[in-house]
Amino acid sequence: MTGFGSASGQSDRFTASVEIKAVNNRHLKVSTRLPDVLGSLEPLIEKTVREAVARGTVSVSVRFSAVGQASRYQISSELLTGYWNQLRAITQTSGVPLPEVNALLTLPGVISDELSSSLDAAEEWPFLEGIVSEALGGLNEFRQREGESMRAELQQCCEQIATNLESVIERAPEVVNNYRDKVLERVRELLEGSGATVEPDNLIREVSVFADRCDINEEITRLRCHIDEFLKVINGPTSQGRKLDFLSQEMFREINTTGSKASNVEIAHHVVEMKAAVEKIREILGNVE
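Rules used in this analysis
Residue positions are counted from 1 within each chain, in the order its sequence is given. At least 70 in pLDDT is required for a residue's local features to be given in this predicted model, at least 80 for side-chain atom pairs to be given and counted, and no such filter applies to totals for whole chains, interfaces and linings, which use all residues. Calculated side-chain values reflect all of the structure's heavy atoms, with hydrogen atoms and water omitted. Starting at the N terminus, helices and strands are each numbered in turn, a helix being any DSSP run of H or I of at least four residues and a strand any DSSP run of E of at least two. Burial classes: relative accessible area under 20% of the type maximum marks a residue as buried, over 50% as exposed, and values in between as partly exposed (1.4 Å probe, protein chains only). Every residue pair with non-hydrogen atoms within 4.5 Å of one another is taken to be in contact. Values of accessible area rely on a 1.4 Å probe in the Shrake-Rupley scheme; residue burial ignores everything except the protein chains shown. When DSSP locates at least two bridges between a pair of strands, those strands are taken to pair. With axes taken as lines fitted to C-alpha atoms, and helix axes fitted only over the stretch in contact, angles between N-to-C directions fall between 0 and 180 degrees. Should a side-chain nitrogen of Lys or Arg be within 4 Å of a carboxyl oxygen of Asp or Glu, the pair is scored as a salt bridge. By arc we mean the arc of the directions from the helix axis to the C-beta atoms, nothing more.

Enquirer: Just checking my understanding: could you explain the overall build of the chain for this structure?
Expert: On a plain count of helices and strands, the chain comes out with eight helices and six strands. With 289 residues in all, the chain has 33% of them scored as buried. Across the chain, contacts joining residues at least 24 apart in sequence account for 80% of those joining residues at least 6 apart. By element, 50% of the accessible surface of the chain is carried by carbon and sulfur atoms, the whole surface being about 17200 Å².

Enquirer: Even after reading the chapter, I still don't get the sheet that holds strand β2 (residues 14-23), so can you show me in this structure?
Expert: Two modes of strand pairing occur in sheets, parallel and antiparallel, and in both the strands are linked by backbone hydrogen bonds. Pairing is mixed across the open sheet formed by four strands, whose spatial order is β1-β2-β4-β3. For this open sheet the edge positions go to β1 (3-10) and β3 (28-33), each flanked by a neighbour on one side alone. Across this sheet, the average inter-strand angle for adjacent strands is 15°, counted without regard to direction. Bridging between β3 and strand β4 (residues 56-66) involves six bridges; their strand directions are parallel. Bridge assignment links S31 to a residue of β4, and that residue is S59.

Enquirer: Hey, could you run me through the pattern of salt bridges in this one?
Expert: In this structure the tally under the stated criterion is 14 salt bridges. Of the charged contacts in the structure, one is a salt bridge between E229 and K243, with a shortest N-O distance of 2.8 Å. Taken as a pair, E229 in helix α6 (residues 217-234) and K243 in helix α7 (residues 241-261) lie far apart in primary sequence, 14 residues in all. Note on E229: relative accessible area 25%, which makes it partly exposed. Since its relative accessible area comes to 34%, K243 is described here as partly exposed. Close ionic contact of R253 with E250 constitutes a salt bridge, the shortest N to O distance being 2.3 Å. On the criterion of helical spacing, the pair formed by R253 and E250 is a turn pair, its members being three residues apart in helix α7. Overall, the relative accessible area of 12% leaves E250 in the buried class. Because the salt bridges share partners, they merge into one network encompassing E218, E219, R222 and E254.

Enquirer: Whenever I open this one, helix α1 (residues 42-52) confuses me. Can you help?
Expert: Turning to α1, its buried residues are I45, T48 and V49. Looking straight down α1, one finds that the buried residues subtend no more than 100° of arc, so they occupy a single side. The exposed set on the far side of α1, more than 90 degrees from its buried face, consists of P43, K47 and E51.

Now the structure itself:
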């Protein structure tokens, strides 16, 4: 499921802002983008996210700065002068031209981060944890709204399956009756003018075998149970995406068997409609936690 949440806060010493984005994924993957000074808090942030989210690719971005500090970076003039004097001495003997001053800024120790030297990340975790939790709350509110929309779609698909199933149930008796009438008609055509007759017991036996082979009562019963359970889960208090995925597979299996056993054109049309509804369910479940 997709979602977005953000939060910000300020303590006596620091300000922080957190943005959390989530996109669909069958598994949970958490990535964080933190200032270097907060690198040690990455496991704690990931743990907090995993307690709130079960599936998806979740990206956490944190900004952190000191209150009232115009610039947290300082240039060490002493080190910069030392590097410059050494390079100038080298150029005088080698003839290589001096580099630009800005090239020296990347040398070790020239630029120091005052925040790094004054910050204990562990001490600031309770402050940052509250902001992360607030952002996760916003993310989950976003996801819940999306989930409600999905729930309505899933319920509509189940109702579509149930409606077509009732039509199948109404037409199921016609399958055997039509087969019996067709057998009688073919026998009459074959025996016309021959004077031969067919024993009723033989005809009954043939029709009984066919009726047993195309009986779909068990499939209907199981499909009804799967639909009821599916509706119970999507209207329940917790998200159970894996269980819904299993139920959708079972529904498709019963529908497919019904279509194979019931040799009837109208039933086949209803089977196609039910299969289409299950496919839509599967597509939606790909985004459900």
